[in-house]
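Residue-level structure breakdown
So the chains spell out like this:
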Amino acid sequence: MHIANWGNFPTVETQSYKQLSMADLSSFVTSNKEFIARGNGRSYGDASLNKSNILNLSKVRFNQKGMVYNASDSELIVNSGCALTDVLNNYFPEHVIFPVLPGTKKISIGGAIAADIHGKDHHINGTLSKHISCIDLMTASGEMITVTPEKNSELFWATCGGQGLTGLIISATIKMLKTESSVLRQRITVCESLDKLIAATLEQNNSQYCASWIDLSATRSHGRGVVFSGRFASAAEVMEQGNQFLEKKYTNSRLSVPCYCTSKLFNQTTVKAFNSLYYYLNKRKKNPFASINGFFFPLDTVNKWNRLYGHKGFVQYQFVVPQKEVFKKIINVIKQEKLYSTLGVLKVFGEQPKHYGNLSFPMEGYSIAMDFKITHGLFKTLDYLDEIVADAGGHVYLAKDSRMKANTFRRMYGKSVDEFLEVKAKYDPECKFNSLLSKRLKLNVV
Ligand SMILES: Cc1cc2nc3c(=O)[nH]c(=O)nc-3n(C[C@H](O)[C@H](O)[C@H](O)COP(=O)(O)OP(=O)(O)OC[C@H]3O[C@@H](n4cnc5c(N)ncnc54)[C@H](O)[C@@H]3O)c2cc1C
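This section reports on the structure supplied with the text. Because the structure is a prediction, the values reported are computed rather than measured. (Residues numbered from 1 in each chain as written. Predicted model: local features only at pLDDT ≥ 70, side-chain atom pairs only at ≥ 80, totals over all residues. Heavy atoms only, no water.)

So, about the pattern of salt bridges. Scanning the model with the defined rule gives 17 salt bridges in all. Ionic pairing is found between Arg403 and Asp383, a salt bridge with its closest N-O pair at 3.0 Å. Of this pair, Arg403 sits in the loop between strand 22 (395-396) and helix 12 (406-413) while Asp383 sits in helix 11 (residues 378-391), and the two are 20 residues apart along the sequence. In this structure, Asp386 and Arg403 form a salt bridge, with 2.5 Å as the shortest nitrogen-oxygen distance. Pair noted here: Asp386 is in helix 11 and Arg403 is in the loop between strand 22 and helix 12, with a separation of 17 residues, a long-range link. Neither residue differs from the other here; Asp386 and Arg403 are each classed as buried. (Salt bridge = Lys/Arg side-chain N within 4 Å of Asp/Glu carboxyl O. Helix = DSSP H or I, 4+ residues; strand = E, 2+ residues; numbered from the N terminus. Buried < 20%, exposed > 50% of the residue type's maximum accessible area, 1.4 Å probe, protein only.)

As C-alpha cells, then:
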C-alpha cells in the first residue's frame, strides 16, 4: 500500500493494519520487529510512516463512541483513534470544547498527543499535555502502563510530543474547557508592514486566541498581514445580537479537490494573486462574530486541499525562535531567496515549561508556519534556515518536518534528545516504535 502524510512527501510502500481490536494489539506489538502508529495522517512529513508496518488504532474502542464525558469534573476519556472532529461533534453543541484547537479538526487524539499540539491560545493555555491527566499506553513489551504527570512521569513527558516513539497511546483523560456560547467575538486588524504586524500581534496577545496571517509574497510590503484575535462570546453578547450567529452550527465541508493538480498551479504570479486577494478581502471584513469553523479551521473548508500542490508535494516549515530580531532576519532571507509561501501563520508563543525527555515544539518566542511547494533548491535553503534557527536556540516542528538533518535537530533540541533516548531505551529497548522520521533524526539509536 502506498502511503504519504499531508505534505505528500515522502511516500512509502508499506503494510497498513486498520482492523486490529484491543485484543489483537498486544500480540501485534510483541510479534513484530518494527512499526509506527498512524492516526489521520495530518502530520505533514514522515512522523507516522514506516516502511514495514503502519498501525491505525481507529477500531480500538472501549464503547461505541470511543469516548465518555464526565460533566462533574469536565474530563473526557477518549480512545486515541477517535478524531477531533468527533469530539467536537459530540460535545461542542453543549459548549464543551477540546482544550487545544489546532488549524485542522481532522486529526486523531493519538496524533494530537504525540505532537503535543498547540493552538492560537498557546500564550494562555499552553500545549495539549498541560490538559492531560492520564494516558493509557501500550509499551514494546505489550503491557499497558498508565502514565500521568506524577506517575511514570518521564514516560508521560516523552510520550507527549514524542511522535509515537514511546508506545501506542490507547486512551487518554483530558480536561475540557467550557464556553458560554458557540461563536467567537473576533477582532481583525490589517497591517501593512512586518513591523506593524508583529507589534499588533504582541499587543493583541492578551486575547484568549491570537494568530496572524502573513503575506510573504508581496514585493513592496513584504510581511504585511492580518491579526486575528478573539474569545468565545458570552451568553449575553449572543443574546444581544440575536441568534443569527448561533445558526452557524458546526458542520463538515462538502468541497473537495478531486485529484492532484499540476505542480505549476502555484507559481510566483498565482501565489501573489492569492495572497493579495486574501489581504484585501480581510480589509473589508467587518463581522465582529465568527463561527468555530471560520475562526479555527478555515483550511478545512476544502477537503484534500493538499492535492493542489501536485504529486511532488510540499513542505510546511514551522520554526520558533526566542528573539524578534532573528525572526525578522529569517523573514528577510525568505524574501531575498524569493521563497513564495502560499500560506504564512505567525504565532507568538508564551512560556513553555521544560520536562525531562520532552520533545514538544513550542518555546517562548516567535513562530511561523509556511507552506512551500517542493522545488529544486528548496531543501538547501531550508537547511540554511535550520542553521539560523539552531544558532538562535530555536526549534523546527517535528510534526511538520520531512527533511531536517539529525545533527541540526540535535543542536536545536539539545539535552532533551538525550533524555528522550534514555526513556525510550528503558521502555523500547529493541526500538520497535520506529518511523522514517526517527531513523532520519537518529531517534532510533539505543
Ligand atoms: C491543516 C493543518 C493544520 C495544522 N495545524 C496545527 C496547529 O495549529 N498546531 C499544531 O500543533 N499542529 C498542527 N498541525 C499538525 C497536526 O496537528 C499534527 O501533525 C498531528 O499529530 C496530526 O495528527 P494525526 O492523527 O493526523 O497524526 P498522524 O500524522 O497520523 O501521526 C502523527 C504522529 O502521531 C503518532 N501517533 C498517532 N496515533 C498514535 C497513537 N495512537 N499512539 C502513539 N502515537 C500515535 C504517529 O506515530 C506520528 O508520530 C496541523 C496539520 C494540518 C494538516
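Let us look at the sheet that holds strand 22. Spatially, eight strands are ordered 17-13-15-14-20-21-19-22 in an open sheet, and the strand pairing comes out antiparallel. Each edge of the open sheet is held by one strand with a lone partner, namely strand 17 (289-291) and strand 22. On top of the sheet, helix 6 (residues 194-203) reaches strand 13 (183-191), strand 14 (209-214), strand 15 (225-232), strand 20 (344-349) and strand 21 (365-373); it is set at about 170 degrees to strand 14, its chief contact. (Pairing = 2+ DSSP bridges. Contact = heavy atoms within 4.5 Å. Axes fitted to C-alpha atoms, helices over the stretch in contact; angles between N-to-C directions.)

The terminal C-alpha atoms of helix 11, which comprises 14 residues, lie 20 Å apart, in line with the 20 Å expected from a rise of 1.5 Å per residue. Within helix 11, burial applies to Leu378, Thr381, Leu382, Leu385, Asp386, Ile388, Val389 and Ala390. Packed against the buried residues of helix 11 are strand 19 (314-321), helix 10 (324-336), strand 21, strand 22 and helix 12. The positive-phi residue at the C-terminal boundary of helix 11 is Gly393, with phi of around 80 degrees. (Expected span 1.5 Å × (residues − 1).)

Where helix 10 contacts helix 11, the two axes come as close as 11 Å, and the packing angle between them is 170 degrees. Of the possible angle classes, the one that applies to helix 10 and helix 11 is roughly antiparallel. Contact residues: Val326, Lys329, Ile330, Val333 and Ile334 in helix 10; Tyr384, Leu385, Ile388 and Val389 in helix 11. Here the contact of helix 10 with helix 11 is built from residues that sort into eight nonpolar, no polar and one charged. (Parallel < 35°, antiparallel > 145°, perpendicular 65-115°, else oblique. Nonpolar A, V, L, I, M, F, W, Y, C, P; charged D, E, K, R; others polar.)

Further remarks concern a nonpolar patch on the surface. There is a patch of nonpolar side chains on the surface, built from Phe62, Val68 and Ile77 and spanning about 230 Å² of accessible area. For Phe62, the position within the fold is in the loop between strand 5 (53-56) and strand 6 (67-70). (Patch = residues over 30% accessible without salt bridge, like charges linked within 9 Å, V, L, I, M, F, W, Y side chains within 5 Å. Areas by Shrake-Rupley, 256 points an atom, 1.4 Å probe, with all protein chains shown as cover.)

Attention now moves to the environment of Arg411. Turning to its location among the elements, Arg411 is positioned in helix 12. The class of Arg411 is partly exposed, set by a relative accessible area of 41%. In this structure Arg411 touches Glu387, Ala390 and Asp391, once residues within four positions along its chain are discounted. A distance of 2.5 Å separates a polar atom in the side chain of Arg411 from a polar atom in the side chain of Glu387. (Polar contact = N/O pair within 3.5 Å; in protein donor to acceptor, adjacent residues only side chain to side chain.)

Right, let's get into the site of the ligand. Around the ligand there are 35 residues in total, and Ala37, Gly39, Arg42, Ser43 and Ser108 lie nearest to it. Measuring from an oxygen atom of the ligand, one finds a backbone N or O atom of Gly39 at 2.6 Å. Contact between the ligand and His118: a nitrogen atom at 2.8 Å from a main-chain N or O atom of the residue. Considering the ligand on its own, with 970 Å² of exposed area, one finds that the protein chains cover 96% of that surface. Sorting elements by how many residues they give to the shell around the ligand places helix 3 (residues 109-115) first, with four residues. Looking at side-chain class alone, the shell around the ligand contains 17 nonpolar, 15 polar and three charged residues. (Near = heavy atom within 4 Å.)

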